[in-house]
Amino acid sequence: MIDSAAPASPATDTAADTADAPVAKPWIMGIAPYVPGRATADDGRRIVKLSSNENPFGTSPAARDAYRSAADHLERYPDAAAADLRAAIAAHYGIEAERIVYGTGSDEVLHLAAGTFAGVGDEIIYVRYGFAVYDIATRRVGATPVVADDRDYATDVDAILAAVTPRTRVVFVANPNNPTGTYTDRGEIARLHAGLPRDVLLVLDQAYTEYLDADDDDGGLDLARTQPNVLVTRTFSKIFGLASERVGWGYGAPALIDAMHRIRAPFAFGIGAGLAAIAALGDDDFVEQSRDHNRKWRDWFAAEIAQLGNAGLRVVPSKANFSLVLFEGEVTAESAYQALMAAGYATRWLPNQGLPHALRITIGAEADMRGVVAVLRDLAGAAI
Ligand SMILES: *Cc1c(COP(=O)(O)O)cnc(C)c1O
């Protein structure tokens, strides 16, 4: 019923066939495969995808044009240094190009952070309802995951600090967090950093930072500029609408960046992807339109769900481009997931992430948000 990123295992003829086959490392077999958001219903019908936090406006027209311009040179390797993209990012954010590392999506940058600074015998901390990739990145390198308790679904700085041991090498914090949408403010991020030993890398995953209001700066780039142990990660997949093209980057102290460059893929993304990302960075209007739409319909959605409180529905306060809806009454998250799917909306039900009672719903176009609320209102009405 739920797609897995991993292809189905090919059938083995007999047990004897595998007796002397290569043996996967035990920590690799401890990884639960990533479960991506769905784009089709069980019967193959295309549905409205509110399951992967993609931009309902698509991407900037300028980015699309730039991408097309690469079509005549598909035989060429891209620039391994990604010099043009780094220069564009540096100019846009007022940071230093030589302190930027990049990857095949920010997912790869998260893997680079784990793989550069942790291994067998080391510990990596993340929060209970954290981004699914942290667990995979941790186990992939043989490190031990240490899960810090949440505080009503939000990041609890005290719980993270209490989980630190002499073996801790990396702490992953997404801000806003996925799948909860919760935000940790500048003071709390500073307190987290101040409480960590200097030899622990704090990775601040800012995949949704462009959705924040202008006065919500968690101070991540400042910390990464001034501290030896902070890495900020960013992506072109979310507000810039380039998820297909797999462009992500990280910013931190030169020693961190130098070490991570040694293990990254030499050619992380294609020429068209790099050109599209540069053009997307230059289209402030598209970003602003996306942010404004998201704020308006996220707030509207939260107010609508608040009216269904007597049926046990509640949203976790979100500053991202999605909302986590909790089902704490008669209506179950699974039944809501099925009803939404039947009505043509794919959302993310998260039993594998300890959230069998929750749906993560991307903020989409107006008509789709109204459609989702109508389905949930029917369910809640029937339950009361
Ligand atoms: C979507 C997301 C990413 C970005 O993934 P890409 O590999 O850049 O597409 C990173 N972190 C979080 C928390 C996310 O939700």
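Presented here is an overview of the structure given in this document.

Cut-offs and rules
- Residues numbered from 1 in each chain as written.
- Predicted model: local features only at pLDDT ≥ 70, side-chain atom pairs only at ≥ 80, totals over all residues.
- Heavy atoms only, no water.
- Buried < 20%, exposed > 50% of the residue type's maximum accessible area, 1.4 Å probe, protein only.
- Helix = DSSP H or I, 4+ residues; strand = E, 2+ residues; numbered from the N terminus.
- Arc of directions from axis to C-beta.
- Contact = heavy atoms within 4.5 Å.
- Polar contact = N/O pair within 3.5 Å; in protein donor to acceptor, adjacent residues only side chain to side chain.
- Right-handed = clockwise from strand over helix to strand, strands pointing away.
- Pairing = 2+ DSSP bridges.
- Axes fitted to C-alpha atoms, helices over the stretch in contact; angles between N-to-C directions.
- Parallel < 35°, antiparallel > 145°, perpendicular 65-115°, else oblique.
- Left-handed = near helix turned anticlockwise from the far one by under 90°.
- Nonpolar A, V, L, I, M, F, W, Y, C, P; charged D, E, K, R; others polar.

An α-helix turns once every 3.6 residues. As a result, residues three or four positions apart point the same way. Listed in full, the buried residues belonging to helix α7 (residues 186-195) are I189, L192 and H193. Considered in projection along α7, the buried side chains sweep an arc of 95° and stay on one side of the axis. Those residues of α7 that are buried are in contact with α6 (157-163), β5 (168-174), β6 (201-205), α8 (220-226) and β7 (230-235). Where α7 starts, the residue carrying a side-chain oxygen 3.2 Å from the main-chain nitrogen of G187 turns out to be D185.

So, on to the pairing of β6. In regular strands, side chains alternate between the two faces of the sheet. Of all 5 residues that make up β6, 5 are buried, and the element is covered over most of its length. On β6, burial covers both faces: L201, V203 and D205 on one face and L202 and L204 on the other are all buried. Traced from β5 through α7 to β6, the parallel crossover comes out right-handed. Judged from the 4 bridges that link them, β6 and β7 form a sheet pairing that is parallel. Looking across to β7, one finds that L204 is bridged to V232.

Right, let's get into the packing of helix α12 (residues 333-342) against helix α13 (residues 366-383). Interaxial distance between α12 and α13 falls to 10 Å at its minimum, and their mutual angle equals 130°. Compared by their axis directions, α12 and α13 come out oblique. For α12 against α13, the interelement crossing comes out right-handed. Facing α12, whose interface residues are S335, A336, A339 and L340, α13 presents V372, V375, L376 and L379. Here the contact of α12 with α13 is composed, by residue class, of 7 nonpolar, 1 polar and no charged.

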